[in-house]
Amino acid sequence: MADVMNTLHGFNTTNLHTHGLHVSPSGISDNVLLEIPPRSEQKYEIVIPKDHPAGTFWYHAHKHGSTAANVGSGMSGALIIEGGLDTVPEIARVPDRVMVLQQIPYVNNASKPVCPAISKDTNLTVGVIEAEYADCSFGPRTWDKLGRYTTINGVKLPVIRMQPGSVERWRLIDSAIREVIQPELVRVDHSGQSAPSKLNFHEIAVDGLALGRVATRSKLELWPGYRSDVLIQAPPVSGVQYVLRDARVPGGGVIIPEERRYLAVVIVEGPPNPMPLPTDDAVRRFRLPSIDPKRVTARQSAAYGIIPKGDGVVFTIDRQPLDFDEARQNTLGEVQEWTVISRNNVGPVSHPFHIHVNPFEIFSILDEQSVEQLDRDPKTGAVLPVWRDTIILNEGWKVSFRTEYTDFDGVFVQHCHILDHEDEGMMELVEISKPPAPMPMADAGAMEPKRLGSPYPAPAWSLPDATGKVQKSADLLTRPTVLFFYEGFACLRCNEQMTALVEKAEAFRKQGVQVIGISTDSVADLGKALDGSACPFPLLADPEKRVFRSYGCYADGPLHGLFVLDATGRVHWQNVSMTPYLDVDALLREAGQVAAPARSGAVASRQP
Amino acid sequence: MKTCHTVLRYCATALLLPLSMAAQDNPQPPVMDATAHRQAVEGARKRLQNAWREFGERNARGEMAPDIFSLRVQPKILTTGEMEGLMKQAQAATFPEPDVVRSVNGKLNVTLNVFKARNQIGSDPVYLRSYNGKLVGPTLRCRPGGHSLHHGEQQPRSRTRHGGCDEHAAWV
């Protein structure tokens, strides 16, 4: 028997998760380690960044042990951030439907043949989800044995009425707890009608994140936790009907009655109201930018698996069930490349991988024959990477993605979104720590120039230069770099440092080292440094001192900072102080040592 | 580091009634005493583990064919008569949107009360844990507001009977 913590337990204790949001996992934000016991109250305050992608997200209960029972009972809802794709005229003008798909596995008197806990003395005239019937609501093949219907927004078989030629946006949210749903729109037979036998889904976003194109599909594959924003266009004829049907064919020889497949009815009626669909060009700019593989600073892997143990099984990640004392360690600012797989010792099983806080860009999904499964560009045949927060891992397949840890440190989780797997241990704590921060004011020693034993990834930035053009760290920090923070053109000591750096600009360049200055000046004031004469290296404006803070160059006001970075953007040497560092010859030596392995092609050691 | 446009204030209240408090005309599941309940839960855990072991053994022997994800499987086309039968099962003649809560000036305040509620799925009555008594939680719509807000410093707390984040949160 597995330990009680990794069982279905504590159904009356709950909490909240904002699935897909890029927000803090700490304190009273998206913190799934909080527990709300019965007859108590918990306040949450979740601050959504101003530049957060717009889209279809959702919230649901996430207390370890009761997640399947709570979400399976309907404790979930849509969380929509408006803007983005909503502003495209062809999308803005059409009806916007939220569709929370649910598979609620209640047991009642009719479940007696498949649920041994319901004895002849039990009288369940109402459907319930309780721990004493957990083996009937959760577990292998239970959904099909129970014979329940998939509901949308809590309703069996809702009816949607559309005018001929009209378009609707459907925000499909799969809150089902364990089975895949494969929607397709199939025409009801009507002799004499010229309408197509199937309607297409024109998909514009997955997991709330814009695809950057309109992907036309005849069928969707929605795993638990997935979202799909689709545009549906009614055929141009009135009087035709379609059913939204789940095409899933379960394994193990289970036959699903046809009527259990039907999720909704679409009736096309009334006067024609033709509407256009958007073009790829109209939606392209809403896609999150891709992560440059050259920026990757760390690699991770995870294997999800069910392993036999004793009289039963354990649900694991990297062969370990959830342990609240262990967390996968990461550093804020890292750009990571992950490989995730499903490897079970109970025959093939699929697991939907989900990680909180930071979405990821999948650049490869290889099936068991190593055939790429991602969409391809219809014109060029190029593989199209996709941003998601949840992705299915089929046995024998390999999913690879890149992700960047920006903005939020703290502890959160990755887990299987088959929620009884999660409750039974297929979850892992993930911790993002702040990089070792310079401690300018703490003690005199910290003010000394410092060569670091273990280099850390420099925080990312995007700042305007003197011409107002925005420069990004991702683009610039691809060479060995001396990054200096100065208070502004009016600071005499800063000018002294800058003059010294300008004098040695050519020496840095010969060593393959670039110099970049970041100032508290505004764009307009940047040019006033050096008495207006041209600066041989770029100067960037940070008047709000955000980047100053992220590099620890701030304590009741801006501080002077000097950082030596290698070609992958990791800090090897730093000095943060009330006074600017003026020993430019020593700086040149440090920078030369950091740059040397880059020149020779080696990466590991700075020492000759 | 960032200015923020939306603060989602959410107040979850776990309000789980003892089953015996439910009204008489609301048929509820039978209430077990604590010992019987504990034994029943233990029994369910053991059966679930057994089910997984059996599944694993059969699946490893290749007896549980995997789900088929094939576009080649052609759907059955409903006849008009079958459609009429299907429409009789439709629970709502129109499309039901969940309740909607919108942000105002960059803030969205919502209270989610958690309690067991009676609802109906198709023709089946159910009595399930819920947000605000519904089978689906309200849709939260956050609109960029341009307000710059600081994250509050409130600590998690519990309350007894009064106060808290929503005075209207009912203890029903």
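Quantities reported herein were computed from a predicted structural model and do not represent experimental measurements.

K.L.:
Help me understand the confidence of the model for chain A, please; the structure alone is not making it clear to me.
P.N.:
Close inspection of predicted coordinates is inappropriate for parts of the model with low pLDDT. Residue and element names in this part refer to chain A. Confidence in the prediction of chain A, expressed as mean pLDDT, is 90, and 95% of residues score 70 or more. Per-residue pLDDT stays below 50 along residues 440-447; that stretch engages in twelve contacts with residues further than four places along the chain or on separate chains. Predicted confidence for residues 600-608 stays below pLDDT 50, and this span has eleven contacts to residues more than four positions away or in other chains.

K.L.:
Would you explain the sheet that holds strand E23 (residues 386-388) of chain A in this entry?
P.N.:
Through backbone hydrogen bonds, the strands of a sheet pair up, either in parallel or in antiparallel fashion. Ordered by their spatial adjacency, six strands build an open sheet running E18-E17-E20-E25-E22-E23 (chain A), and the pairing between neighbours is mixed. Unpaired on one side and paired on the other, strand E18 (312-317) and E23 of chain A mark the two borders of the sheet. Between one strand axis and the next, the sheet turns through 25° on average, direction left out of account. Pairing analysis gives five bridges linking strand E22 (residues 360-366) of chain A to strand E25 (residues 398-404) of chain A, with the strands arranged antiparallel. By the bridge assignment, Ser364(A) is partnered in E25(A) with Ser400(A). Packed onto the sheet, helix H1 (residues 34-60) of chain B meets strand E17 (298-309) and E18 of chain A and runs at close to 80° relative to E18(A).

K.L.:
It is not clear to me how the pairing of strand E35 (residues 570-577) of chain A should be interpreted in this structure. Could you clarify?
P.N.:
Every other side chain in a regular strand lies on the same face of the sheet, so the side chains alternate between the two faces. Residues and elements named next belong to chain A. The buried fraction of E35 is high, at seven of eight residues. Judged from the four bridges that link them, strand E28 (residues 450-457) and E35 form a sheet pairing that is antiparallel. Opposite Pro-457, over in E35, you have Arg-570 as the bridge partner. Judged from the six bridges that link them, strand E34 (residues 560-565) and E35 form a sheet pairing that is antiparallel.

K.L.:
Please explain the interface of chain B and chain A as it appears in this structure.
P.N.:
Quite often, the size of an interface is put as the accessible area lost when its parts meet. Taken together, the contact between chain B and chain A spans 108 residues of the former and 131 residues of the latter. Carbon and sulfur atoms supply 59% of the area that chain B and chain A bury against each other, a total of about 10,300 Å² over both sides. On the chain B side of the contact with chain A, Trp52(B), Phe95(B) and Arg129(B) bury the most area, a combined 8% of that side's loss. At the boundary of chain B and chain A, one finds seven salt bridges. Taken together, the elements giving at least two residues each to the side of chain B that touches chain A come down to strand E1 (4-14), H1, helix H2 (80-89), strand E3 (107-121), strand E4 (124-131) and strand E5 (139-142) of chain B. Partitioned by chemical class, the residues of the side of chain B that touches chain A number 60 nonpolar, 30 polar and 18 charged. Where strand E4 (residues 76-81) of chain A lies against E5(B), three bridges are found, and the strand directions are parallel.

K.L.:
Whenever I open this one, the pattern of salt bridges confuses me. Can you help?
P.N.:
Pairing between side chains of opposite charge can happen when their charged atoms approach one another. Inspection of the entire model under this criterion finds 45 salt bridges over all chains. Measuring nitrogen to oxygen at the nearest pair gives 3.6 Å for the salt bridge that ties Arg171(A) to Asp86(A). With Arg171(A) in strand E9 (residues 167-174) and Asp86(A) in the loop between E4 and helix H2 (89-92), this residue pair connects regions lying 85 residues apart in the sequence. For the pair formed by Arg171(A) and Asp86(A), the shared burial category is buried. A salt bridge links Arg129(B) to Glu130(A); the nearest nitrogen and oxygen atoms lie 2.9 Å apart.

K.L.:
Help me understand the state of the cysteines in this model?
P.N.:
Covalently bonding the sulfur atom of one cysteine to the sulfur atom of another cysteine gives a disulfide. Residues and elements named next belong to chain A. All chains considered together, the criterion is met by one disulfide over all chains. Covalently, Cys-115 is tied to Cys-136 through a disulfide, its sulfur atoms 1.9 Å apart. Measuring handedness by torsion sign, the sulfur bridge of Cys-115 and Cys-136 sits at about 80° and is right-handed. One end of the pair, Cys-115, is in the loop between strand E5 (96-102) and helix H3 (134-137); the other, Cys-136, is in helix H3, and 21 residues separate them in sequence.

K.L.:
Sorry, what's going on with the sheet that holds strand E19 (residues 327-331) of chain A here?
P.N.:
Residues and elements named next belong to chain A. The five strands are arranged E19-E27-E26-E21-E24 in an open sheet whose pairing can be described as mixed. A single partner strand is all that each edge strand has here, and the edge strands are E19 and strand E24 (390-393). In this sheet, neighbouring strand axes are inclined to one another by 25° on average, regardless of whether the strands run parallel or antiparallel. The pairing of strand E21 (residues 351-355) with E24 spans four bridges and is antiparallel. The residue of E24 that forms the bridge with Pro-352 is Ile-392.

K.L.:
Quick question: what am I supposed to make of the pairing of E4(A) here?
P.N.:
Residues and elements named next belong to chain A. Summarising burial for E4: six of the six residues are buried, a large majority. Direction of pairing for strand E3 (residues 55-60) relative to E4: antiparallel, over a ladder of six bridges. When the sheet's bridge partners are listed, Thr-56 is paired in E4 with Ile-80.

Calculation criteria
- Residues numbered from 1 in each chain as written.
- Chains lettered and ligands numbered in written order.
- Predicted model: local features only at pLDDT ≥ 70, side-chain atom pairs only at ≥ 80, totals over all residues.
- Heavy atoms only, no water.
- pLDDT = per-residue confidence, 0-100.
- Contact = heavy atoms within 4.5 Å.
- Pairing = 2+ DSSP bridges.
- Helix = DSSP H or I, 4+ residues; strand = E, 2+ residues; numbered from the N terminus.
- Axes fitted to C-alpha atoms, helices over the stretch in contact; angles between N-to-C directions.
- Buried < 20%, exposed > 50% of the residue type's maximum accessible area, 1.4 Å probe, protein only.
- Buried area = accessible area lost by both parts, 1.4 Å probe.
- Salt bridge = Lys/Arg side-chain N within 4 Å of Asp/Glu carboxyl O.
- Nonpolar A, V, L, I, M, F, W, Y, C, P; charged D, E, K, R; others polar.
- Disulfide = S-S within 2.5 Å.

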